[in-house]
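Structural overview for review
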Amino acid sequence: MPDRVEPCLALLAKKVPAAGDWAFEIKWDGYRLAVHIEPGGVRIITRGGHDWTHRFPAIEAAAKVLGPTTMILDGEAVVLDEAGRSNFGMLQAALGGRGGKREAEEARFYAFDLLYLDGHDLRGMHQRERRMILEDMIDEGASIIRVSEEIDGDCAAILEQACKFGLEGIIAKNRKAPYRSGRLGDWLKLKCIQSDSFIVVGFEPSTKVTGAISRLLLAARRGNELVYVGGVGTGFTEMARDLRKQLAAIPTKVPPVALKRKNAVFCEPVFVAEVTYTEITSDGKLRHPSFKGLRELADNADVFDLKK
């Protein structure tokens, strides 16, 4: 049984190829996890290879019920809002924020692939075959660990409905592809809105709310350097004071980016912010950005690269 499997990642696309057999699922907005059900117990591993079993006790307990069968489930931990949509901010709150110590009892795990089962490595099988076995292993009425539903129909129509419902988008999967680690095009993501990860390089203090921030200053990567892409000033809700406290604790005398702003307070570039936006303008700035939350470094979030 593999100790860990590097995940298959979805490649951003505007449409699926005309040829081929594709399955469609909702694009979940949470933490990518692998649930290892082993003879010695359950391990819940992040995309970056960190053990987060202790942070998802409800998922761990539900996984134990699936034993004594040994398996590796690939999926996403989410918290759903009142409309049934996955909400990254609510998941972060359930975990106690970035670096938090809370146990996310509210989290649910949507499994969308099965990589290993009772001594058999399934990664060489077609996605369609792995999916059929996955559906047999998890009860349809399960409350904590569920199978991510496949949606039948035309890709464009499914994406349109997902956007109307306020979802981030959909994932298309090649039914005949094996499970291959990395971003190789076997899985595609089609987005309703842009949502990416950016490095926090500083902030501007609020002049209206004492001890809060008015804007986070963000950077993308360009190779090995950081490039300023603008600030985000909406979406913080009650986090504005906590964010200032966290960033003020890691000041830096040398700005991480080439930027001169009178009110800017620069910090060490160790925090990653998830941000929605409509586009990146011709001068390299985020248009209509909104803050969703801080991602854990253990989640190994992809920081936006301007070269890609």
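Let me sum up the structure you'll find in this document.

Here is what the cut-offs are and how they apply
Residues numbered from 1 in each chain as written. Predicted model: local features only at pLDDT ≥ 70, side-chain atom pairs only at ≥ 80, totals over all residues. Heavy atoms only, no water. Helix = DSSP H or I, 4+ residues; strand = E, 2+ residues; numbered from the N terminus. Rg over C-alpha atoms; globule rule 2.2 N^0.38 Å. Buried < 20%, exposed > 50% of the residue type's maximum accessible area, 1.4 Å probe, protein only. Contact = heavy atoms within 4.5 Å. Areas by Shrake-Rupley, 256 points an atom, 1.4 Å probe, with all protein chains shown as cover. Lys, Arg positive; Asp, Glu negative; His and termini not counted. Charge placed at Lys NZ, Arg CZ, Asp CG, Glu CD. Pairing = 2+ DSSP bridges. Salt bridge = Lys/Arg side-chain N within 4 Å of Asp/Glu carboxyl O. Disulfide = S-S within 2.5 Å. Core = buried A, V, L, I, M, F, W, Y, C linked by side-chain atoms within 4.5 Å. Axes fitted to C-alpha atoms, helices over the stretch in contact; angles between N-to-C directions. Phe/Tyr/Trp six-rings, centres within 6.5 Å; stacked < 30°, edge-to-face > 60°. Lys NZ or Arg CZ within 6 Å of the ring centre and 35° of its normal.

Some details on the overall build of the chain
Regarding its fold elements, the chain presents 5 helices and 17 strands. Compactness check: the chain gives a C-alpha radius of gyration of 20 Å against a globular reference of 19 Å for 308 residues, within 12% of the reference. Referenced to the eigenvectors of the C-alpha coordinate spread, the extents of the chain come out at roughly 60 × 45 × 40 Å. Within the chain, buried positions represent 51% of all 308 residues. Looking at the chain alone, contacts between residues at least 24 apart form 68% of all its contacts between residues at least 6 apart. Total accessible area on the chain stands at roughly 14900 Å², and carbon and sulfur atoms take up 50% of it. Mean positive and mean negative side-chain charge positions of the chain (44 and 43 charges, respectively) differ by 9 Å.

Things to note about the pairing of strand β14 (residues 265-277)
Relative to β14, strand β11 (residues 194-205) is paired through 9 bridges, and the arrangement is antiparallel. Across the sheet, residue G202 finds its bridge partner in β14, namely F266. Pairing of β14 with strand β17 (residues 290-295) involves 5 bridges; the strand directions are antiparallel. Directly across from T276, in β17, lies its bridge partner S290.

Some points on the pattern of salt bridges
Per the counting criterion, the structure on display carries 27 salt bridges. When the shortest N-O distance is used, the salt bridge between R295 and E274 registers 3.1 Å. Taken together, the residues R295 in strand β17 and E274 in strand β14 connect sequence positions 21 residues apart. By the burial criterion, R295 is buried, and E274 matches it. Linked through salt bridges whose partners overlap, the residues forming this network are D21, E25, R128, R131, E135, E150, K173 and R175.

Overview of the state of the cysteines
Taken as a whole and assessed by the stated rule, the structure comprises 1 disulfide. Here C163 connects covalently by a disulfide to C192, the sulfurs 2.1 Å from one another. A torsion of -95° about the S-S bond marks the disulfide between C163 and C192 as left-handed. Taken together, the residues span a long stretch of sequence, with C163 in helix α4 (residues 155-164) and C192 in the loop between β10 (187-191) and β11 at a distance of 29 residues. Exposure remark for C163: the relative accessible area of 33% places this residue in the partly exposed category. Of all cysteine sulfurs in the structure, the one in C155 sits closest to C8, which takes part in no disulfide; the separation is 17 Å.

Considerations on the nonpolar core
Counting 32 residues, the largest nonpolar core has V35, F56, I59, L73, F109 and I145 as its most contacted members. For this core, the secondary-structure elements that each account for two or more residues are β3 (31-38), β4 (41-46), α1 (57-66), β5 (71-78), α2 (88-95) and β6 (108-117). Here this core gets 5 residues from one element, more than from any other, and that element is α1.

What to know about the sheet that holds strand β9 (residues 169-174)
If you trace the 4 strands from one edge of the open sheet to the other, you get β1-β10-β9-β2, paired in mixed fashion. Two strands close off the open sheet at either side, each with one partner strand: β1 (11-12) and β2 (22-26). α4 rests against β2, β9 and β10 of the sheet, and its axis sits at about 150° to β9.

Looking at the packing of aromatic side chains
Pairs of aromatic rings are described using the distance from one ring centre to the other and the angle between the two planes. In the structure shown here, the tally under the stated rule is 9 aromatic pairs. Ring centres of W28 and Y110 lie 4.0 Å apart, and the angle between their planes is 15°; on these two criteria the pair is classed as stacked. Of this pair, W28 sits in the loop between β2 and β3 while Y110 sits in strand β6, placing them 82 residues apart in sequence. In this pair, the class of W28 matches that of Y110, namely buried. When the ring of Y31 is compared with that of W52, the centres are 5.1 Å apart and the planes differ by 85°; the resulting orientation is edge-to-face. Within this pair, whereas Y31 is found in strand β3, its partner W52 is found in the loop between β4 and α1, the two being separated by 21 residues in sequence. An aromatic cluster is defined as three or more aromatic residues linked by ring pairs; in this entry it consists of Y31, W52, F56 and F88. A cation over an aromatic ring shows up here: R55 above the ring of W52, its NZ or CZ 4.8 Å from the ring centre. The cationic tip of R85 hangs over the ring face of F165; the distance from NZ or CZ to the ring centre is 5.7 Å.

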